[in-house]
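# Architecture and fold: a report
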Amino acid sequence: MSVPGLLMAGGRWRCFPVPLGSFLFQALRCSCCRKKSTAPKNIIPNVAFCDENAKKSQNALDKLFSSEQQASILHVLNTASSKELEAFKLLRGRRSTNVVEHREKFGPFQNLESLMNVPLFQYKTTVQVCNSILCPETGRKKKLQENRPLGKLIKPDVGRERLKAVNSIVSIVFGTRRIAWAHLDRKLAVLDWQQNDRWKLMDRTYSSSVYLEVISSIISKMPKADFYVLEKTVLPIQNSSLFPILLHFHIMEAMLYALLNKTFAQDGQHQVLSMNRNAVGKHFELMIGDSRTSGKELVKQFLSESVLKADPRVVFPADKVVHYRHMFSSTESQRVEELYDSLLQAIAFYELAVFDAKP
């Protein structure tokens, strides 16, 4: 048995018989079936199914939280400002803004389910937000976040209470040829600023007894303060040529720690801290890659502003301004970076560790 078929031949349609069992008939049949199956269908949404899902979400939220808990959550969502909502981790950024905008447009949230009408909120997010409002860990996490950069900035760890109570510090920076220190109070007023040229490490190596004698002499001239802050410089230990310098820094740091604590210890509390050199450089934008540039021009700027501005960043005593300027001019031929760095380190310590500025 065959059926008539049409094919284009020579620019005309021609009719010829096609056997039912032939391959060509099966191909034509399948082609027709595919075209029929791809015809568009009208999809009618199942409204009852959507309503059922909404009811399930509401019922699930009702089961997760008691009426008292729901009331507490809704009180926060309906009264807190955008900034206050950001105290909760899951409500930071755009979500807190969306909550406030939705509240202002549609009125207070009547139930927890209505929170899912806010952009960026789905069922899982809503549950997590509600839990975070009921059991906020923001206080503990905030402290951890505050202490994390502080831990990288200064060592050893010091309580925030002690730092906020600081009245004056002595910032100490030492190199291979000199040691300098700056004594500043919490108003960033310079109380004392000196340097000592006793080191000639590049000429010869000192014995430990000489270190002890010189450091003891320097400490005897230092004033009493709440903290003594030492610059922490990290040198690559892989470079063997730097070993004498590295040894010098370690000896200086160890002796300063021991002698300063012994001399100025109060109630057995630690008085000596180390401060990261590069963190100070980043604070004053003195870093080029991993290298720190000179702070000389910045210090000169602070000195000029102390005279010209009514509210300078750093306050120098009027009777010492001329002396400090002369000190700079007399050392123009030398690179006395320790002198500049001791002042910058003291300023950075107050602004980063005491006044809670962001590093």
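Details of the structure are given in the entry above.
The present account deals with the structure reproduced in this document. Bear in mind the structure is a predicted one, so any value in this text is a computation, not a measurement.

### A short note on the sheet that holds strand β4 (residues 168–174)
The pairing of strands in a sheet happens through backbone hydrogen bonds and is either parallel or antiparallel. Here we have six strands laid out as an open sheet, ordered β3-β8-β7-β4-β5-β6, and mixed in their pairing. For this open sheet the edge positions go to β3 (154–155) and β6 (190–196), each flanked by a neighbour on one side alone. Sheet analysis places β4 next to strand β5 (residues 179–185), joined by seven bridges and oriented antiparallel. When the sheet's bridge partners are listed, Val-173 is paired in β5 with Ala-180. On the sheet, helix α14 (residues 337–354) packs against β3, β4, β5, β6, β7 (227–232) and β8 (272–276) and is oriented at approximately 140 degrees with respect to β4.

### Details of unusual backbone geometry
Along the chain, Lys-155 connects to Pro-156 via a cis peptide bond; the corresponding omega equals -10 degrees. The phi torsion at Leu-188 lies on the positive side, around 60 degrees, for a residue other than glycine. Tracing the sequence through the fold places Leu-188 in the loop between β5 and β6. Its relative accessible area of 7% is what places Leu-188 among the buried residues. Phi at Glu-285 is positive, roughly 55 degrees, even though this residue is not glycine.

### Thoughts on the nonpolar core
With 44 residues, the main nonpolar core has Leu-184, Trp-193, Met-275, Phe-284, Phe-316, Leu-343 and Phe-349 as its most contacted residues. Those residues in contact with Leu-343, other than ones at most four positions away along the chain, are Ala-182, Leu-184, Val-190, Trp-193, Val-299 and Phe-316. If you look at the next biggest cluster of nonpolar residues, it comprises 23 residues, including Ile-179, Val-214, Met-252 and Met-255.

### Some thoughts on α14
Taking 1.5 Å of rise per residue, the 18 residues of α14 would be expected to cover 26 Å, and the 24 Å separating its terminal C-alpha atoms lies within 8% of that figure. Within α14, 18 of the 18 residues are buried, which leaves it mostly tucked inside the rest of the structure.

### Some points on the pairing of β7
With five of six residues buried, β7 lies mostly within the body of the structure. As paired strands, β4 and β7 are joined by four bridges and run parallel to one another. Paired with Ile-169 across the two strands is Phe-227, which belongs to β7.

### Topic: the pattern of salt bridges
Evaluated as defined, the whole model comprises eight salt bridges. Measuring nitrogen to oxygen at the nearest pair gives 2.8 Å for the salt bridge that ties Glu-231 to Arg-277. One end of the pair, Glu-231, is in strand β7; the other, Arg-277, is in helix α11 (residues 277–283), with 46 residues separating them in the sequence. Residue classification places Glu-231 among the buried positions, given a relative accessible area of 9%. Taking the shortest distance from any N to any O, the salt bridge between Glu-351 and Arg-313 comes out at 2.8 Å. One end of the pair, Glu-351, is in helix α14; the other, Arg-313, is in the loop between α12 (296–308) and α13 (321–330), and 38 residues separate them in sequence. Among the residues examined, Arg-313 registers a relative accessible area of 33% and is labelled partly exposed. Counted as one network, the salt bridges with shared partners bring together Glu-231, Arg-277, Arg-292 and Asp-341.

### Section: the packing of aromatic side chains
By convention here, two paired aromatic rings are described through the distance between centres and the angle between planes. Overall, the coordinates contain nine aromatic pairs when judged by the stated rule. Taking the centre distance of 4.6 Å and the plane angle of 25 degrees together, the rings of Tyr-228 and Phe-264 count as stacked. Residue Tyr-228 is found in strand β7, and its partner Phe-264 is found in helix α10 (residues 243–264); the two are separated by 36 residues along the sequence. Judged by its relative accessible area of 10%, Phe-264 falls in the buried class. With a centroid separation of 6.0 Å and an interplanar angle of 65 degrees, the aromatic rings of Phe-316 and Tyr-324 are classed as edge-to-face. Here the aromatic residues Phe-227, Phe-349, Tyr-350 and Phe-355 are joined through ring pairs into a cluster of three or more.

About the thresholds
- Residues numbered from 1 in each chain as written.
- Predicted model: local features only at pLDDT ≥ 70, side-chain atom pairs only at ≥ 80, totals over all residues.
- Heavy atoms only, no water.
- Pairing = 2+ DSSP bridges.
- Helix = DSSP H or I, 4+ residues; strand = E, 2+ residues; numbered from the N terminus.
- Contact = heavy atoms within 4.5 Å.
- Axes fitted to C-alpha atoms, helices over the stretch in contact; angles between N-to-C directions.
- Buried < 20%, exposed > 50% of the residue type's maximum accessible area, 1.4 Å probe, protein only.
- Core = buried A, V, L, I, M, F, W, Y, C linked by side-chain atoms within 4.5 Å.
- Expected span 1.5 Å × (residues − 1).
- Salt bridge = Lys/Arg side-chain N within 4 Å of Asp/Glu carboxyl O.
- Phe/Tyr/Trp six-rings, centres within 6.5 Å; stacked < 30°, edge-to-face > 60°.

Just distances and angles here, no functional claims.
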